[in-house]
Amino acid sequence: MSRMPAFQNPSQQKTNGESSCAFLSPPATHWPQFDPPLRLGVMASGRGSNLEALVHACRDGRVDGKVDLLVVNKADCGARTRAERLGLQSLVLDHREYPTREALDHALVACFRGAGVEAIVMAGWMRIVTDVLINAFPRRLINLHPSLLPSFRGVDAIGQALEAGVKITGCSAHWVAPEVDSGPVIAQAAVPIFPTDDKDSLAERIRREEHRLLPWAVALAAQQWRAQG
Ligand code: GRF
């Protein structure tokens, strides 16, 4: 049975619209709590550090959810190794084995539906997704991007920020829309760029923020989902 969310935030009280779900920075306390836990799926292609951050947030109660399935498109990616260590079920859908992006997305939908997943987080999924996946999980698909959207969409967002010479960048969790990195923002965190930064140092600083931001964004999204029934 659902219970009322414990979370209260002044900006949330002002409006019931989309903007109520956009915060610059996660607070340390007052996380939305729901029951029963959401059944989450994660898609990843890389190291999987955000997957792990989300799993820990679920396990320590910050996110009232459970990661039921990880899907990767590279059999040897770090995310898969982490999933094994964390005791998560994982599947490999190698994109090279699918003739089109749509075909891969049909397979993704089948895997997540088969696992009973209610919502999906793209945590470093390095493939463009299509309407097949987006329409199968409307407003149930979240992406993480290493910039303050709408700045620096697409590949190499960190390199783009360094190249542009901006002094502040960050990370965004957003709903997935058909155009790449374009859906409405759920939550963002700002990250300074220092004169000594290179791609590696900046990526590391952004990643640390992402590990706080992503669980927070999922908790906020869950609040919306539960409110909608
Ligand atoms: C993150 O920086 C995310 O923003 C981007 O890919 C990276 C994934 O990192 N889309 P990890 O695999 O979670 O460590």
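Residues numbered from 1 in each chain as written. Predicted model: local features only at pLDDT ≥ 70, side-chain atom pairs only at ≥ 80, totals over all residues. Heavy atoms only, no water.

Draft legend 1. Here's a closer look at the packing of aromatic side chains. A complete count under the given rule lists 1 aromatic pair for this structure. An angle of 65 degrees between the planes, with centres 6.0 Å apart, marks the rings of Trp-175 and Trp-225 as edge-to-face. Taken together, the positions of Trp-175 in strand E6 (residues 168-175) and Trp-225 in helix H7 (residues 199-228) put the pair 50 residues apart, joining distant regions of the chain. For Trp-225, a relative accessible area of 3% puts it in the buried group. Lying across the ring of Phe-137, Arg-113 places its NZ or CZ 6.0 Å from the centre. (Phe/Tyr/Trp six-rings, centres within 6.5 Å; stacked < 30°, edge-to-face > 60°. Helix = DSSP H or I, 4+ residues; strand = E, 2+ residues; numbered from the N terminus. Buried < 20%, exposed > 50% of the residue type's maximum accessible area, 1.4 Å probe, protein only. Lys NZ or Arg CZ within 6 Å of the ring centre and 35° of its normal.)

Draft legend 2. The arrangement of the confidence of the model for the protein in detail. Mean pLDDT for the protein: 88, with 84% of residues reaching 70 or above. The model gives residues 1-22 a pLDDT under 50, and that stretch makes 36 contacts with residues more than four places away or in other chains. (pLDDT = per-residue confidence, 0-100. Contact = heavy atoms within 4.5 Å.)

Draft legend 3. A look at the pairing of strand E4 (residues 119-122). With burial as the criterion, each face of E4 is covered, one bearing Ala-119 and Val-121 and the other bearing Ile-120 and Met-122. In this structure, strand E1 (residues 38-44) lies alongside E4, joined through 4 bridges in parallel fashion. By the bridge assignment, Val-42 is partnered in E4 with Val-121. Summarising the sheet, E4 and strand E5 (residues 141-145) pair through 3 bridges and their orientation is parallel. Along E5, the bridge assignment pairs Ile-120 with Leu-141. (Pairing = 2+ DSSP bridges.)

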